[in-house]
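Understanding the architecture of this molecule
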Amino acid sequence: MKVFFPKKEAFGWTLTEAAADGAIPSDYSYAVVPPKKLIFPQEEIFFEFQQTADEGLQLRETLPELPPQVIVGVRPCDGRAVAALDQVFSGSFEDPYYWRRRRATILVGLACNTPPSNNCFCSSLEGSPSSEEGLDVLLTDLGDRYYVRGLTEKGKELIRAQSSLFSDPTEEEKKLRNKISQEGAQKIKRHLEAARELPPKLKTMFDSPFWEEAALSCIRCGICTYLCPTCHCFDINDETRALAPLKGRRVRTWDTCQFPDFTMHSSGHNPRPNKAARLRQRLLHKFLYFVELYDRFQCVGCGRCLDLCPVGIDIIEVLSKARNHGA
Amino acid sequence: MVSEDKLREEVKKLLQEGKIKYFIGYENGGPGWLARPAFIQQPEAVSRLIWSPGCVHNLTRFLQDEKRRRAREKNPDLRPVGLIVKGCDSRAINVLLQEKYIERKDVYLIGVSCELLGVVDEAKITRRLYPAKPLQVRFGAKETILVLTDQGEREIAASEVLADRCLECPANFPLVADIVLGEKINRPNPQPYQSIASFEAKSLEERWAFWQEQFSRCLRCYACRSVCPMCYCDECVADSIVYAVSADTTAEEKAQKVKWVERNPEPQENIFYHLVRAIHLAGRCVDCGECERVCPVGLPLRLLNKKLEKEAKALFGYEVGLDANSPPLISCFRDNDPQDFIR
Amino acid sequence: MEHNVYLPRIGQIVEVKEEVKGARPIKSFRVQLLDGPIFPFRCGQCAMLSVFGKGESMISISSSPLQTDYLQFSVLKMGRVTSALHEMEPGDLIGVRGPYGNGFPVEKWKGKNIVFIGGGIGLAPIWSVLQTTLLQRADYGELCLIYGARTSHDLVFRQELTDLKAQIPVHLSIDVAEPGWSEFVGFVPQNVLDKKPSAVNSIAVTCGPPIMIKFVIMALKDLGFEDSQIYTTVENKMKCGIGKCGRCNIGHHYVCKDGPVYSWAELKQLPQEY
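Note that the coordinates shown come from a computational prediction; the quantities given were computed from them, not determined experimentally. (Residues numbered from 1 in each chain as written. Chains lettered and ligands numbered in written order. Predicted model: local features only at pLDDT ≥ 70, side-chain atom pairs only at ≥ 80, totals over all residues. Heavy atoms only, no water.)

1. Details of the overall build of chain B
Definition in use: A run of DSSP states H or I qualifies as a helix once it reaches four residues; a run of E qualifies as a strand once it reaches two. Both are numbered from the N-terminal end. Only C-alpha atoms enter the radius of gyration, while the globule expectation follows 2.2 Å times N to the 0.38, with N the number of residues. Exposed residues in this analysis have more than 50% of their type's maximum accessible area, buried residues have under 20%, and partly exposed residues fall in between, with area computed by a 1.4 Å probe over protein chains only. By the convention used here, residues are in contact when the closest approach between their heavy atoms is within 4.5 Å. In this tally Asp and Glu are treated as negative and Lys and Arg as positive; neither His nor the chain ends contributes. Here the site of a charge means NZ on Lys, CZ on Arg, CG on Asp, or CD on Glu.
Counting its secondary structure elements, chain B contains 13 helices and eight strands. Rg of the C-alpha trace for chain B: 21 Å, near the compact-globule value of 20 Å for 343 residues, within the 12% margin. Each principal axis of the C-alpha atoms in chain B carries an extent, and together these give about 55 × 55 × 45 Å. A burial count over chain B gives 55% of its 343 residues as buried. Contacts in chain B between residues far apart in sequence, at least 24 positions, make up 68% of those at least 6 positions apart. Counting 50 positive and 50 negative side-chain charges, chain B places the averaged centre of each group 2 Å from the other.

2. Comments concerning the confidence of the model for chain B
Residues shown with low pLDDT carry predicted positions that ought not to be read at fine detail. Basically, it comes down to this: Here pLDDT means the predictor's own confidence in every residue, given as a number from 0 to 100.
Per-residue confidence for chain B averages 93 on the pLDDT scale, and 99% of its residues sit at or above 70. Predicted complex, confidence summary: ipTM 0.95, pTM 0.95.

3. Let's talk about empty space enclosed by the protein
Residue and element names in this part refer to chain A. Stated precisely, the cut-off is as follows: Using only the protein atoms, space was sampled on a 1 Å grid; points where a 1.4 Å probe fits but cannot get out form cavities, open sets with protein on both sides within 12 Å along at least five of seven lines form pockets, and lining residues are those with an atom within 4 Å of a point. Grid points are joined across faces, edges and corners, and a volume is the space filled by probe spheres set on the points. Nonpolar residues are Ala, Val, Leu, Ile, Met, Phe, Trp, Tyr, Cys and Pro. Charged residues are Asp, Glu, Lys and Arg, and all others, Gly as well, are polar.
Within this structure, the stated rule accounts for 13 cavities of 30 Å³ or more. Size it by volume and the largest cavity reaches roughly 160 Å³. What lines the largest cavity is a set of 15 residues, and nearest its centre among them are C218, C224, R282, C309 and I313. Looking at the lining of the largest cavity, the elements that each hand over two or more residues are α8 (223-226) and α9 (275-294). Class assignment of the residues belonging to the lining of the largest cavity gives a composition of 12 nonpolar, one polar and two charged.

4. Comments concerning the interface of chain A and chain C
So the rule is basically this: A quick way to say it: buried area is the sum, across both parts, of accessible area lost when two parts are put together, with a 1.4 Å probe. Here, a salt bridge means any Lys or Arg side-chain nitrogen found within 4 Å of an Asp or Glu carboxyl oxygen. For the purposes of these results, a polar contact is taken to be a pair of N or O atoms within 3.5 Å, where, inside protein, one atom must be able to donate a hydrogen and its partner to accept one; residues adjacent in sequence count only when each atom of the pair is a side-chain atom.
In this complex, chain A contributes 47 residues to the contact, which on the side of chain C involves 38 residues. Per-residue buried area on chain A facing chain C is highest for A:L57, A:F93 and A:R250; these three make up 16% of the total on that side. Applying the counting rule to chain A against chain C returns six salt bridges. Between A:R250 and C:E56 there is a salt bridge, with its nearest N and O atoms 3.1 Å apart. Our enumeration of links across chain A and chain C arrives at 28 residue pairs in polar contact (both at pLDDT 80 or more). Split by residue class, the side of chain A that touches chain C holds 22 nonpolar, 13 polar and 12 charged.

5. A short note on the packing of aromatic side chains
The condition is simple: Each pair of aromatic rings taken from Phe, Tyr and Trp, with Trp reduced to its six-membered ring, is defined by centres within 6.5 Å and is described as stacked if the planes are under 30 degrees apart, edge-to-face if over 60, and tilted in the remaining cases. Consider the ring centre and the ring normal. A charge sits over the ring if Lys NZ or Arg CZ is within 6 Å of that centre and within 35 degrees of that normal.
Under the defined criterion, the tally for this structure stands at 32 aromatic pairs over all chains. Each ring, one from A:Y226 and one from A:F259, has its centre 6.4 Å from the other, and the planes form 65°; the classification is edge-to-face. Placement of A:Y226 in helix α8 and of A:F259 in the loop between β10 (246-254) and α9 is noted, with a sequence separation of 33 residues between them. Accessibility assignment for this pair places A:Y226 and A:F259 in one class, buried. Its end group placed over the ring of A:F206, A:R280 keeps NZ or CZ at 3.7 Å from the ring centre. In this structure, B:K67 packs its charged tip against the face of B:Y101, placed 4.2 Å from the ring centre.

6. A closer look at the interface of chain A and chain B
Each partner contributes to the interface: chain A provides 55 residues, whereas chain B provides 47 residues. Summed over the shared surface of chain A and chain B, the result is five salt bridges. Of the charged contacts in the structure, one is a salt bridge between A:D255 and B:R263, with a shortest N-O distance of 3.4 Å. One can count 14 residue pairs in polar contact (both at pLDDT 80 or more) joining chain A with chain B. Elements with a contribution of two residues or more to the side of chain A that touches chain B: α8, β9 (234-242), β10 and α10 (304-308) of chain A. If you tally residues by element for the side of chain A that touches chain B, the top one is β9(A), at five residues. By residue class, the composition of the side of chain A that touches chain B is 24 nonpolar, 14 polar and 17 charged.

7. Structural notes on the pairing of strand β1 (residues 9-20) of chain C
Residues and elements named next belong to chain C. Here is the rule: Two strands pair if DSSP finds at least two bridges between them.
Strand direction decides the pairing type here: β1 and strand β6 (residues 93-100), joined by four bridges, are antiparallel. Bridging across to β6, I10 finds its partner in G95. Following β1, the chain reverses through five residues before pairing antiparallel with strand β2 (residues 26-33); G22 in that reversal takes a positive phi of roughly 100°.

8. Focus on helix α3 (residues 87-98) of chain B
All names here are of chain B. What counts here: Expected span of a helix: the number of residues minus one, times 1.5 Å.
Between its first and last C-alpha, α3 extends 17 Å over 12 residues, near the 16 Å set by a 1.5 Å rise per residue. Most of α3 is tucked away, with 12 of its 12 residues classed as buried. Taken together, the buried positions of α3 are occupied by G87, C88, D89, S90, R91, A92, I93, N94, V95, L96, L97 and Q98. Tucked inside the fold, the buried residues of α3 contact β1 (23-27), α2 (63-72), β3 (81-85), β4 (107-112) and α6 (164-167). Where α3 ends, the next residue or the one after it, K100, has phi of about 60°, a positive value.

9. Considerations on the environment of B:E183
All names here are of chain B. Inspection of the secondary structure puts E183 in the loop between β8 (179-181) and α7 (194-200). Taking the C-alpha atoms as reference, E183 lies 7.1 Å from M1; in sequence the two are 182 residues apart. Not counting chain neighbours up to four residues away, the residues in contact with E183 comprise M1, S113, E115 and F173.

10. With respect to a nonpolar patch on the surface
Let me state the cut-off plainly: Residues qualify for a patch when their relative accessible area is over 30% and they have no salt bridge, like charges being joined within 9 Å and the nonpolar side chains of Val, Leu, Ile, Met, Phe, Trp and Tyr within 5 Å. Exposure was quantified through the Shrake-Rupley algorithm and a 1.4 Å probe, taking into account, for residues, occlusion by the shown protein chains and nothing else.
Among the surface-exposed residues, B:V237, B:V258, B:W260 and B:F272 lie close enough to one another that they form a single nonpolar patch of about 400 Å² accessible area. With respect to the element layout, B:W260 can be found in the loop between α10 (251-255) and α11 (267-280).

11. A word on the sheet that holds strand β6 (residues 144-149) of chain B
Residues and elements named next belong to chain B. To be explicit about the condition: Whenever a helix is involved, its axis is fitted only over the stretch in contact; in every case the axis is a line through C-alpha atoms, and angles between N-to-C directions fall within 0 to 180 degrees.
With antiparallel pairing, the three strands of this open sheet are ordered in space as β5-β6-β7. Of all strands in the sheet, those bounded by a partner on one side alone are β5 (134-139) and β7 (152-157). Averaged over all pairs of adjacent strands, the angle between strand axes in this sheet comes to 25°, irrespective of strand direction. Direction of pairing for β5 relative to β6: antiparallel, over a ladder of five bridges. Looking at the pairing, F139 lines up with I145 of β6.

12. Quick word on the side chain of B:E262
Looking at where B:E262 falls in the secondary structure, it is placed in the loop between α10 and α11. With a relative accessible area of 12%, B:E262 lands in the buried category. A polar side-chain atom of B:E262 sits 3.1 Å from a polar atom in the side chain of B:K259. Residues contacting B:E262, with those up to four places away along its chain left out, are A:E239, A:T240, B:R220, B:D239 and B:E269.

13. Some words on helix α11 (residues 315-324) of chain A
All names here are of chain A. Among the 10 residues in α11, seven count as buried, and that is most of the element. Here α11 has its buried residues at I315, I316, V318, L319, S320, A322 and R323. The secondary structure elements touched by the buried residues of α11 are α6 (198-203), α7 (210-214), α9 and α10. Positive backbone phi, at 75°, marks G326, one or two positions downstream of α11.

14. Digging into the packing of helix α8 (residues 204-215) of chain B against α11(B)
Residues and elements named next belong to chain B. To keep things clear, this is the line we draw: Small angles under 35 degrees read as roughly parallel and large ones over 145 as roughly antiparallel, with 65 to 115 read as roughly perpendicular and the rest as oblique.
As a packed pair, α8 and α11 sit with axes 9 Å apart at the nearest point and diverge in direction by 105°. Considered as vectors, α8 and α11 are oriented roughly perpendicular to each other. Listed contacts from α11 to W208, Q212 and F215 of α8 are P267, N270, I271 and H274. Here the contact of α8 with α11 is composed, by residue class, of four nonpolar, three polar and no charged.

15. As for the pairing of β1(B)
Residues and elements named next belong to chain B. Burial within β1 is extensive, with five of its five residues counted as buried. Here β1 runs beside strand β2 (residues 36-40); their pairing, made up of five bridges, is antiparallel. By the bridge assignment, Y26 is partnered in β2 with P37. Across two bridges, β1 lies against β3 in parallel orientation.

16. Concerning the packing of α11(B) against helix α13 (residues 301-316) of chain B
Relative orientation and spacing of two packed helices are given, respectively, by the angle between their axes and the distance between those axes. All names here are of chain B. Rules: Left-handed describes a crossing whose near helix is turned anticlockwise from the far helix through less than a right angle; right-handed describes the clockwise counterpart.
Packing of α11 against α13 leaves a shortest axis separation of 9 Å and a crossing angle of 35°. In the crossing of α11 with α13, the sense of the turn from one axis to the other is right-handed. In contact with H274, L275, A278 and I279 of α11, α13 contributes L301, L304, N305 and L308. In terms of residue class, the contact of α11 with α13 is made up of six nonpolar, two polar and no charged.

Okay, here's the thing in structure tokens:
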């Protein structure tokens, strides 16, 4: 079993493979790189290929073999994000690489007593600082101990395996936990009002000049998408290691709709030839198309894209303006 | 002191008189952002413009967008773009002029002097004032920075929170500009290359181990390259995110493109990307510090560029961005250039 | 063990035919699968062909599903993968993943007249439907083909087209007059207006360069075709082929999975971003 625990680095927190020795530090905010990295890693080797004169063409599938992994300190927004990714990678074609990792993963969430970021807005998007969706266990920090809820069979089994460490909560503890949950939601500073009005409004705005203005300062890097806990776009490439005999592997890597050549045809034709079209795609995918497919937003309000955008593009501001555009 | 009112007045006049197409400056950012780039097209909108120690961005980066826009349009508006340049940014303009990426008439530059200060490092302010969260910054009276936090206003000594690059900056005053706001004050620079000093003391093995560890974190988001004014190549040799082809590009040309770097983020690919980029920036990087600032996983990229800057000076007496008319470092060879490496 | 959707089956090229030579060559490849019979599929579906070491390319299956000896792919040489494919010969091995996409609703078209309108390589996906309707001739009304290319050298399936003329009306065109060319000279949409196919109880199936499709649809509307009578296939850059990599979407549809076949009535509802 591997355990991933919050670790403080110079630039922020990470979920690092480490022994969990003690409580999660009280100044823990959120992991800069979301837990999706451990279930949908940035590099996944699909298979190796080899072609020799004697044995011909051979493909060696490299499905991930991994021990159970417990990720501790998952914020509820990131838990909901994993639930959204689960939808993407199932359906008529199940993705075996994703699901092997997903089934080996146990998500131990930590409720947010205070918003981890100035820019958190989970409550505007049907989430909350104590949301349980996607998680196996939810911890709430009561000050000197954790209030623990086993949510799934995997989570409950984890608790049962160490039952001597737990005791039934008292009425006082239950009340305190509810109080903390309520206060956590009240402390959220930023809100995206009337989010459910966005999908029908955005549907009318495809050809609007609004996107040109919104995308003026975008430098088309991959930060908003790579650090987003729900973004899942990927690339597949063959990497040749040797030519004769042919040896190599097929690799999946993260990709982003913000890179100019993401949708470029071999002929040079690009359905999204400028930043405005690409910003529009990102926001419409998250707040319209995903809703049309799965009846949920593809944004959990974690605030990372806001915190990390090099030029300060503010998704709450852009969407609020979109919602009121032309009114 | 640089007057924000004077700045707004100047820009308003330029827009009213139609002398510039639009203006690129800074405005207040959202919560948790000290400032951010602003594109001002209407004279009335100049009230958005600010000048504060949070104005860290190198706005010359957006000249790439302008150039690409002109290439796409049938009858492009050829009026200059107006923008604010700090000392470091003005050196970037000089490099772009040297390389003939832009012409002087393409830009109208409002220079601002950093006087005795500079811009702040947001991480330093956040650490210094924790648990209060910084929301906005202003220049204080005497080499101090006023910070508006979510728990009230604080005043701190600038030296504690200025960006590292400002502490070693040799060019706190714009070298090229149409007008300049603020006074020209010679700021002493007693310890240039301070930030690489401790790194240079490491052995080669220690340095290699350091970089292996650092680059294992790189996500190849390419924010460092995307934010750099000098990384303007349509296609980057090290894993391009732009594919410069047209309907006329033959299948053979496309088939023969070499992939020097794979898309995967394994350490050796990451190192290759960063080192190639650093070498391609030798003699061109003005240390605006943006690459390091924007990196979401805190890679110490300035170390690479600063080292090469130091080498360029030591080996060739070359300083970046001082003179738009001098030939670029890598494209000229002088008789007295060192040749001891040629055997 | 569940089948890995990303793992190709190994296919062997059994025949290579040069359709078009020159600067924009097209070759047809007939492929058999090494580990068993070819998979069942529907007209208009595609498969991801792998050239290991180069990558994958999504190519429509141009043979009919009623023909089970091989899968036929007609490939225009465009870039890295297709260039490598064009170097291959019978006996060479490639990867095949599929079938992907929604296919043409040929069952719904029984009893109707069908006008096939193609341009250049666009004839390839239409060929599958055309062959199928010919093999089930009694189930369909009148069939006709209107097909053109830049020059006579860019027309695909030349021999098959000559043979086809004996069975159904075939109206060919090239953009610019050539010595020896006696058929229509002009663009495909102009030929459509010239030949005036009837819209009564008819379906029109069109595929070709985007600009041609646009004008063909306009021509068909002029001739009285309703949006729901006009079908086309859309193309986009693809990688996974199964609607997960996020690349080929038009609105909330993934062209690889929910398309590539759309009626104009359906396509009009989606954002015009392709």
